[in-house]
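For reference, the chains in residue letters:
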Amino acid sequence: MSTEFLSGLIKGDSIVFECNTGENITGWQIRAELYDEGTIDIKKANTISGGSDTQIKIIDTVNGLFEVYIDAGQTTDINDTANLEIEIETTTGEIFTIYQNLIKFDNEKIKWS
């Protein structure tokens, strides 16, 4: 059995997840959660869901492109393996999980003082 990971992410870095639904997402609510089995639980939302463009920014509404932003320092203490889930809610109230997978984090090597 094989488990695929999104890997190569460094703990503590700024992270941008680029997403493409391929559909017009006008008026859709978008939520994302990055969490581990410990104490880290990072929740993001677009403006329609009560968040902001600094959390989830719509890049191209008609073509369904958006970005999820994880701020520098938010993953500093995250476990080596975490979960990422992205959910959308359409204007008709349908809710779909469009991404759910494990994320592998590497320890930060360079630390500036």
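For the structure, check the block above.
Residues numbered from 1 in each chain as written. Predicted model: local features only at pLDDT ≥ 70, side-chain atom pairs only at ≥ 80, totals over all residues. Heavy atoms only, no water.

Caption draft 1: Molecular detail of the nonpolar core. Ranked by size, the top nonpolar core spans 22 residues in total, and within it L34, F66, V68, I86 and F105 carry the most contacts. For this core, the elements supplying multiple residues, two or more each, are β2 (15-20), β3 (29-35), β6 (65-70), β7 (81-89) and β8 (95-106). The element contributing the most residues to this core is β7, with four residues. Beyond its immediate sequence surroundings of up to four residues, V68 is in contact with I15, V16, F17, C19, A32, K44, Q55, I56 and I86. (Core = buried A, V, L, I, M, F, W, Y, C linked by side-chain atoms within 4.5 Å. Buried < 20%, exposed > 50% of the residue type's maximum accessible area, 1.4 Å probe, protein only. Helix = DSSP H or I, 4+ residues; strand = E, 2+ residues; numbered from the N terminus. Contact = heavy atoms within 4.5 Å.)

Caption draft 2: Focus on the pattern of salt bridges. Per the counting criterion, the structure on display carries five salt bridges. Residues K11 and D80 are paired through a salt bridge, measuring 2.6 Å at the closest nitrogen-oxygen approach. Taken as a pair, K11 in the loop between β1 (5-10) and β2 and D80 in the loop between β6 and β7 lie far apart in primary sequence, 69 residues in all. Owing to a relative accessible area of 9%, K11 belongs among the buried residues under this scheme. Under the relative-accessibility criterion, D80 is labelled partly exposed at 40%. With a closest N to O distance of 3.9 Å, D106 and K104 form a salt bridge. Here K104 falls in the partly exposed class, since its relative accessible area comes to 34%. (Salt bridge = Lys/Arg side-chain N within 4 Å of Asp/Glu carboxyl O.)

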